[in-house]
Amino acid sequence: MAEERGEGMGGGKVAADELRLLIERAERLEEEKKGIADDIKDVMAEAKGRGYDPKAIRKILSIRKKKKEEYQEEEAILEVYMQALGML
């Protein structure tokens with residue numbers, strides 16, 4: 001019974017069936033994540049084929065995830081650093 005319940009793992013009791021279900025769920029999600037990553041790769045390849053720059057598209061995606069204020073602050077800091085290095 002101790003083996004079935006996973007006793008001995010830090011003194012806690014873990015139901016083997018529950019643990020197995022959690023692991024299987026995580027595995028399915030990892031597969032879905034891989035599928036989505038492959039789909040995004042296909043979209044970027046299509047964009048490149050149509051003459052767009054995938055690197056610029058990825059940058060836009062990154063910017064759109066941020067709050068406007070957060071992005072503006074990052075850009076301001078970047079500008080200060082670039083000026084300090086004589087890059088502007």
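For the structure, check the block above.
Described below are features of the structure shown in this document. These numbers were taken from a predicted model, which means no experiment stands behind them.

## Here's the deal with helix α2 (residues 16-49)
And step 1. Along its 34 residues, α2 runs 49 Å from first to last C-alpha, staying within 8% of the 50 Å computed at 1.5 Å per residue.
And step 2. Looking one or two residues past α2, glycine 51 carries a phi angle of roughly 95 degrees, positive in sign.

## Regarding helix α4 (residues 68-84)
And step 1. The terminal C-alpha atoms of α4, which comprises 17 residues, lie 24 Å apart, in line with the 24 Å expected from a rise of 1.5 Å per residue.
And step 2. Once α4 finishes, glycine 86 follows within two positions and takes phi at roughly 70 degrees, a positive value.

## Brief notes about the pattern of salt bridges
And step 1. Tallied over the entire structure, the rule returns five salt bridges.
And step 2. The residue arginine 20 makes a salt bridge to aspartate 17 at a minimum N-O spacing of 2.5 Å. Remark: aspartate 17 and arginine 20 occur in helix α2; sequence separation between them is three residues, near one turn of the helix.
And step 3. You can call arginine 20 partly exposed: its relative accessible area is 43%.
And step 4. Ionic pairing is found between lysine 34 and aspartate 38, a salt bridge with its closest N-O pair at 3.1 Å.

## Remarks on a nonpolar patch on the surface
And step 1. A cluster of nonpolar residues, Ile77, Val80 and Tyr81, forms a patch on the protein surface that exposes about 310 Å² of accessible area.
And step 2. In this structure, isoleucine 77 sits in helix α4.
And step 3. Residue isoleucine 77 is classed as partly exposed on the basis of its relative accessible area of 38%.

Rules used in this analysis
Residue indices follow the written sequence of each chain, beginning from 1 at its first position. A pLDDT threshold of at least 70 governs which residues receive local features in this predicted model, and a stricter bar of 80 or more applies before side-chain atom pairs are shown or counted, although totals over entire chains, interfaces and linings include all residues. With hydrogens and water set aside, each side-chain value is computed from the structure's full complement of heavy atoms. Strands here are runs of E lasting at least two residues and helices are runs of H or I lasting at least four, both read from the DSSP assignment and numbered beginning at the N terminus. Helix span, as expected, comes to 1.5 Å for every residue beyond the first. We count a salt bridge whenever a side-chain nitrogen from Lys or Arg sits within 4 Å of a carboxyl oxygen from Asp or Glu. For the exposure calls, accessible area comes from a 1.4 Å probe over protein chains only, and a residue counts as buried if that area is under 20% of its type's maximum, exposed if over 50%, partly exposed in between. Patches here: salt-bridge-free residues with over 30% relative accessible area, like charges joined within 9 Å, nonpolar side chains (Val, Leu, Ile, Met, Phe, Trp, Tyr) joined within 5 Å. Computed with the Shrake-Rupley method and a 1.4 Å probe, the accessible areas treat only the protein chains shown as cover for residues.

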